[in-house]
Amino acid sequence: MNYTPFMSVFDVDPPIIDNKHLIKWLKINFSFLRNKLLKIKQLDSERDINFIIFINNKKKYVLKISNPSEKINILKYQDRLINYLRTDLSLKSFIPKIHHTKIVKYLDKKNRECFVRILSYIEGRMYGDTKSNDKIENSLGKLLGKVSTKLKSFNDIDAHRNFIWDPSNIKWIKKDINIFTGSKKLILLKCFSEYEKFVKNNLNKLRYSITHSDPNNYNIVIKENNVCGLLDYGDSIYSPTINDLAICLSYALMNNDNIYLTLKNIITEYNKQFSINEDEINSLISLCKSRLMITVVMAKKQRIKYPSNQYLSISEKDAWSLLEKLDKIPINFLIYIVREICGFDIIHHHNEIINYINKFNFGNIFKFNLLDKNKSILKLSSDSPLLKGNPDNSSLKKRVNKIFKEDNSRIGIGLYNEKRKVYKGPNFISELNTNERRNIHLGIDIFIDQGTDLFAPIDGKIIILKNNNFKYDYGPTLVLEHSFKKYKFYTLYGHLSKIMFQKLKIGKKIKKGEWIGKIGNSNENGKWLPHLHFQIILDLLGHDKNFPGVGEEFLFNIWNKISPDPNLILRIPKSFYSNNNNNFKDTLKKRRKNISDNLSISYKKPLHMLEAKDQYFFDRYGRRYLDCVNNISHVGHSNSYVHEAMTQQNLKLNTNTRYLYDTINDYSELLLSKFPKKLNKIFFVCTGSEANDLAYRIAQTYTSAKDVFVMDNAYHGHTNALIDLSPYKFNSKGGSGKKDYVHVLDMPDPLRGKWRYQNSNWIQKYIDEAKTVIRNKIKETNIACFFTESILGCGGQVILPKNYLKEIFSEIRRNNALCIVDEVQTGFGRVGRHFWSFEEHDVVPDIVTLGKPMGNGHPIAAVITTEKIASTFNNGMEYFNSFGGNPVSCAIGKAVLETIDNNKLQKNALLVGNYFLKELKKIQLKYKKYISEVRGRGLFLGIDIIQNSNASKPNKKLAKLLINYMRNQGILLSTDGPYDNVIKIKPPLVFTKLNVDQVCKNLETFFKKL
Ligand SMILES: Cc1ncc(COP(=O)(O)O)c(C=O)c1O
């Protein structure tokens, strides 16, 4: 075909031929045909005439007799093009060979001059007559890619011409669209505006070259599932290179169930040969549609002109059905498909938008934070027991309620990326592969009571407000548009109540936290159980009333970029979704079966934790708990800096202290820099108990004594030796009482001790008494050491009063015994003003023991002492610890110290701790009846709970009630002290003032209710 826009295809009749005359003429004019048995058979053609030439009944050549109006220079150009292409060895066999030495003239019956060319015949079937498959399509893409590559370095003056079938130049078509009416006209108008946007405005960005310009189904020859020939160079022009791929696709996609696969097959291989750039991708689909548009417009025009010519509408019907099908697929979606095929990011700026969403502090969608509620997963996949037997809504509701009861929840979560069977009807058939359905859920469903109010999680503008009132659709639907920098994204809220139509309007600006609707009931929400379908959308794909809530599984990669997981906003922890383990009861049963019961579990209804981050835990119901007691996760749960240090070192080297390695040196230096100079030797161990046990052994070796002073109610660890040094253990249930060599000093407890606040000089009285006890004991026996904490944790967060330690230390040291401070609970900046709690007392212990927070959860602990004590301990017996001080532990310990310093966590402990104490004091003043005292340092605090304003009457029952109440409010606390009436507060140091407010607000509510 070869037309200019100024001359119609059929303006000049094709040549009229007498076959016998032609054969004679051929034998005379072409020496290679002379003396041969020749037969000719006419081929379908529009305006010239083509024949197959048979020699001895075998197909040999193609004879082309041009239309009398054809110009010789165009035919000569075609020969030059063919010859050029055939110089490429990998292309040669695909391109017909020229057998005429020169183009000669032939006079047809009407005595009109026509030009004759003879080309080789390529054996095979036409692509248009073949059932396509992957192999064919791959080879087609490959061939076209090779042609595009080859033609990059070819140019010819005669290729530079306008051409009506050029899809990159269809401005002329606009006026012709008016010959159509109804939906066809609308489709063409849309195609034309896409052409203007994606092609016309993009033309100067495209690469140009000579193109074949008509690789349609009947110009492609197939043999043995491979393309073997590309015919007909008559349309070849200079145009955007990508035209060839677009034109080929416009035919290959016709009558095709799986247009996605064909796009993928052809484009993948084309792109391997000729890398398509982003501008070409932007134009490709519209070029393809433009070519279809030319087909239908030309066909209609010709039918109007030549109503009896059947051939004219040969591909018109197929072109229309493809246009109609493509019309239903947003062009951007097709572009995304091509971008994916060609290895580009599917959506521009996707990462910027996701990063923004990830960092944004979203407001609650409901009046409450979804994280603070128990939630149940409601599976709606085809194998879900919930949907067994296709239940009606009322039986489904019963099943859901049963799950809610088991989980003690009122909220159900329907999953993103879940394959569902519930989407019935033709609407859900995929246009891109009609054998597949759109059944992958692109939102998160939140099943909750009808009428529940909804609020905008972020500022936005109402862009869709529509009742999509079909069965299984969204019913009332709201979409908000959110902008930042030059980017936009959208949030969709489906299945709402109609009430929002009274209050909201398209275009209305909505502020974060503003009311945006209510959960609809089943009659208005598309016949579903009441729930919110919540979805994020990065590209509305041209939709202005609705947006797909489900997508094709085979296109999920693309859908996932357009509608990423809404959990980016909801932020329910991942572990909630992946918790497919046993149910709660089984988990508890297994624990009881395998683990001894003297490992107690907190709370009447134990918590099954799945993950934790910073100061929060998340349990199996996706509920968040504020951790106010975990002083082990000192720098915050799951700290990534510490984790990174651990994994890096673990991949490199982990051994024991018998080798030299740098981590132990680096860490020791950093750790010792936190101590007074005198304390300059470290023994690394793994637990606080081990540290105290070793400290006691060192003291015994140093003093050759065994007797030890401890504070009443102290706990120093679980080894044999330490249980005997821990009144907290040996004096309580199961304990075997005090050993002779253990001497207990009274806690200086001004609330319930011998001397109280009201006694004058109460501190000195405790000091004097302790000194007397020590003095008397020293008279009897040698003392190894005095063990103490600076704030008595198990004693009930009792702060040792001023001068107490100073005076007791000097008394102890008079007998050369050692003063050991257990900083296992209180160290590493927790107390705020100081890094170690002993520093407040203006003393330097002989030994300090460390543990719990030291590895932020990794078992690492230490004994710190003086050079002199350490060398005395080095008495010939080797000290070896398999794990203590190993490279991984040291890397972790160092990372913890660095995190404390880099994130100024000691300062945070001071500021937030002081604020906490101030707020707690306010509560104590209000509820003196129940709180005798709040006390502590930094983030190591205690609330002393009493009966009826009587400070001497500890109230264990109320304390227990309180921690269970707080647990139900999502706040984790614990009790301690000799009467178990002190609420212990020792959270990770990343605790904030807002966390303090949350705790205090709930404490107030608790006391108010009493
Ligand atoms: C003050 C004190 N010292 C020592 C220990 C024992 O530490 P670990 O449990 O690491 O052996 C504890 C544990 O609670 C403690 O509170």
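Check the entry above for the structure.
Reading guide: rules and limits
Residues numbered from 1 in each chain as written. Predicted model: local features only at pLDDT ≥ 70, side-chain atom pairs only at ≥ 80, totals over all residues. Heavy atoms only, no water. Helix = DSSP H or I, 4+ residues; strand = E, 2+ residues; numbered from the N terminus. Rg over C-alpha atoms; globule rule 2.2 N^0.38 Å. Buried < 20%, exposed > 50% of the residue type's maximum accessible area, 1.4 Å probe, protein only. Contact = heavy atoms within 4.5 Å. Areas by Shrake-Rupley, 256 points an atom, 1.4 Å probe, with all protein chains shown as cover. Lys, Arg positive; Asp, Glu negative; His and termini not counted. Charge placed at Lys NZ, Arg CZ, Asp CG, Glu CD. Pairing = 2+ DSSP bridges. 1 Å grid on protein atoms, 1.4 Å probe; cavity = no way out; pocket = protein on both sides within 12 Å on 5 of 7 lines; lining within 4 Å. Points joined across faces, edges and corners; volume = space filled by probe spheres on them. Nonpolar A, V, L, I, M, F, W, Y, C, P; charged D, E, K, R; others polar. Salt bridge = Lys/Arg side-chain N within 4 Å of Asp/Glu carboxyl O. Patch = residues over 30% accessible without salt bridge, like charges linked within 9 Å, V, L, I, M, F, W, Y side chains within 5 Å. Arc of directions from axis to C-beta. Axes fitted to C-alpha atoms, helices over the stretch in contact; angles between N-to-C directions. Near = heavy atom within 4 Å. Polar contact = N/O pair within 3.5 Å; in protein donor to acceptor, adjacent residues only side chain to side chain. Left-handed = near helix turned anticlockwise from the far one by under 90°. Disulfide = S-S within 2.5 Å. Expected span 1.5 Å × (residues − 1).

Undergrad: I keep staring at the overall build of the chain and nothing clicks. Help me out?
TA: The number of helices and strands found in the chain is 28 helices and 40 strands. Over its C-alpha trace the chain gives a radius of gyration of 42 Å, far above what one expects of a compact globule, namely 30 Å for 1010 residues. Along the first, second and third principal axes, the C-alpha set of the chain runs to 140 × 70 × 50 Å. Going through the 1010 residues of the chain one by one, you find that 57% of them count as buried. Here the contacts in the chain between residues at least 6 apart in sequence split such that 73% fall between residues at least 24 apart. Within the structure as shown, the chain displays about 44,800 Å² of accessible surface, and the carbon and sulfur contribution to it stands at 49%. Averaging the locations of the 154 positively and 100 negatively charged side chains of the chain gives two centres separated by 3 Å.

Undergrad: Looking at this structure, how should I read the pairing of strand β33 (residues 847–850)?
TA: Side chains Ile-847 and Thr-849 of β33 all project onto a buried face; the interleaved residues Val-848 and Leu-850 project onto the opposite face, where all are buried too. Bridge count between strand β32 (residues 818–822) and β33: three bridges; the pairing is parallel. Paired with Val-821 across the bridge in β33 is Val-848. Of the strand pairs in this sheet, β33 and strand β34 (residues 861–866) are connected by four bridges, and their pairing is antiparallel. Residue Val-848 lies in a different strand from β34, and its bridge partner there is Ile-864.

Undergrad: Would you mind going over empty space enclosed by the protein with me for this structure?
TA: In this approach, a probe sized like a water molecule rolls over the atoms, and the result shows the empty space that is left. In this structure the tally under the stated criterion is four cavities of 30 Å³ or more. For the second largest cavity, the calculated volume is near 40 Å³. Forming the walls of the second largest cavity are Met-747, Asp-749, Arg-752, Gly-795, Gly-796, Val-798, Arg-935, Asp-944, Pro-978, Tyr-979, Asn-981 and Val-982. Partitioned by chemical class, the residues of the lining of the second largest cavity number five nonpolar, three polar and four charged.

Undergrad: What is the right way to look at the pattern of salt bridges in this model?
TA: Pairing between side chains of opposite charge can happen when their charged atoms approach one another. Tallying each qualifying case throughout the model produces 45 salt bridges. Its salt-bridge partner being Asp-445, residue Arg-420 comes within 2.8 Å of it at the nearest N-O pair. Here the residue Arg-420 occupies a position in the loop between β12 (411–414) and β13 (438–441), and Asp-445 occupies one in strand β14 (residues 444–447), the gap between them amounting to 25 residues. Taking relative accessible area as the criterion, Asp-445 reaches 2% and is therefore assigned buried. With its nearest N and O atoms 2.8 Å apart, the salt bridge here joins Glu-840 to Arg-937. Of this pair, Glu-840 sits in the loop between β32 and β33 while Arg-937 sits in strand β35 (residues 931–937), and the two are 97 residues apart along the sequence. Here the salt bridges do not stand alone but share partners, grouping Arg-752, Glu-933, Arg-935 and Asp-944 into one network.

Undergrad: Can you help me understand the sheet that holds strand β38 (residues 971–972) in this one?
TA: Whenever strands of a sheet pair, they do so through backbone hydrogen bonds, lying parallel or antiparallel. Taking strand neighbours across the sheet as the criterion, the four strands line up as β23-β24-β25-β38 in an open arrangement whose pairing is mixed. Single-partner strands in this sheet number two, and they are β23 (609–613) and β38. By the bridge criterion, two bridges tie strand β25 (residues 624–627) to β38 in an arrangement that is parallel. The residue bridging Leu-626 from the neighbouring strand is Ile-971, located in β38.

Undergrad: Explain a positive patch on the surface to me, please; I cannot follow it from the model alone.
TA: A cluster of like positive charges, contributed by Lys-421, Lys-424, Lys-471 and Lys-527, occupies part of the molecular surface. Structurally, the position occupied by Lys-424 is in the loop between β12 and β13. On the basis of relative accessible area, Lys-424 is assigned to the partly exposed category, the value being 46%.

Undergrad: Mind showing me how you'd approach helix α23 (residues 804–813) here?
TA: Side chains of residues three or four places apart in an α-helix project in the same direction, reflecting 3.6 residues per turn. Among the residues of α23, Tyr-804, Leu-805, Ile-808, Phe-809, Glu-811 and Ile-812 are the ones counted as buried. Looking straight down α23, one finds that the buried residues subtend no more than 165 degrees of arc, so they occupy a single side. Where α23 is buried, its residues meet β27 (707–711), β28 (742–745), α22 (762–780), β29 (783–788) and β32.

Undergrad: Mind showing me how you'd approach the sheet that holds β29 here?
TA: Strand order in this open sheet of seven strands is β26-β34-β33-β32-β29-β27-β28, and the pairing throughout is mixed. This sheet does not close on itself; its edge strands, each paired only once, are β26 (679–685) and β28. Taken pair by pair, the neighbouring strands of this sheet meet at an average axis angle of 20 degrees, ignoring direction.

Undergrad: So what exactly am I meant to see when it comes to the site of the ligand here?
TA: Among the 13 residues in the neighbourhood of the ligand, the closest are listed as Gly-688, Ser-689, Asp-822, Gln-825 and Lys-852. Measuring from an oxygen atom of the ligand, one finds a backbone N or O atom of Gly-688 at 2.9 Å. Top element by residues in the shell around the ligand is helix α19 (residues 688–703). It accounts for three residues. Of the residues assigned to the shell around the ligand, the class counts are two nonpolar, eight polar and three charged.

Undergrad: I'm lost on the packing of helix α18 (residues 662–672) against helix α25 (residues 887–902) in this one. Help?
TA: Two measures define how a pair of helices packs: the angle their axes make with one another and the distance between the axes. Here α18 crosses α25 at 35 degrees, and the two axes come no closer than 8 Å. Here α18 and α25 pass one another in a crossing that is left-handed. Facing Thr-663, Ile-664, Asp-666, Tyr-667, Leu-670 and Leu-671 of α18, the residues of α25 in contact are Pro-887, Cys-890, Ala-891, Gly-893, Lys-894, Leu-897 and Glu-898. Residues that form the contact of α18 with α25 fall into these classes: eight nonpolar, two polar and three charged.

Undergrad: Looking at this structure, how should I read the state of the cysteines?
TA: Covalently bonding the sulfur atom of one cysteine to the sulfur atom of another cysteine gives a disulfide. Applying the stated criterion to the full structure yields zero disulfides. Left unpaired, Cys-191 is separated from the closest cysteine sulfur, that of Cys-288, by 9.6 Å. For Cys-191, a relative accessible area of 3% translates into the label buried. With no disulfide of its own, Cys-1000 lies closest to Cys-628 among cysteine sulfurs, the gap being 9.6 Å. Assessed through its relative accessible area of 6%, Cys-1000 is described here as buried.

Undergrad: Would you explain helix α11 (residues 393–407) in this entry?
TA: Taking 1.5 Å per residue as the helical rise, α11 with its 15 residues ought to reach 21 Å, and the 21 Å between its terminal C-alpha atoms agrees with that figure. Every buried residue of α11 is listed here: Leu-396, Val-400, Phe-404 and Asp-407. Taken down its axis, α11 places every buried residue within 80 degrees of arc, on the same side. Structural note: α11 exposes Lys-398, Lys-402, Lys-405 and Glu-406 on the side pointing more than 90 degrees away from its buried face. Residue Asn-408 follows α11 closely and has a positive phi angle near 50 degrees.

Undergrad: Explain the environment of Glu-324 here, please?
TA: Assignment of secondary structure puts Glu-324 in helix α8 (residues 316–328). You can call Glu-324 partly exposed: its relative accessible area is 30%. Remark: the alpha-carbon pair of Glu-324 and Lys-184, spanning 140 residues in sequence, is separated by 8.2 Å. Look past the residues within four positions of Glu-324 in its chain and what remains in contact with it is Lys-184 and Ile-187.

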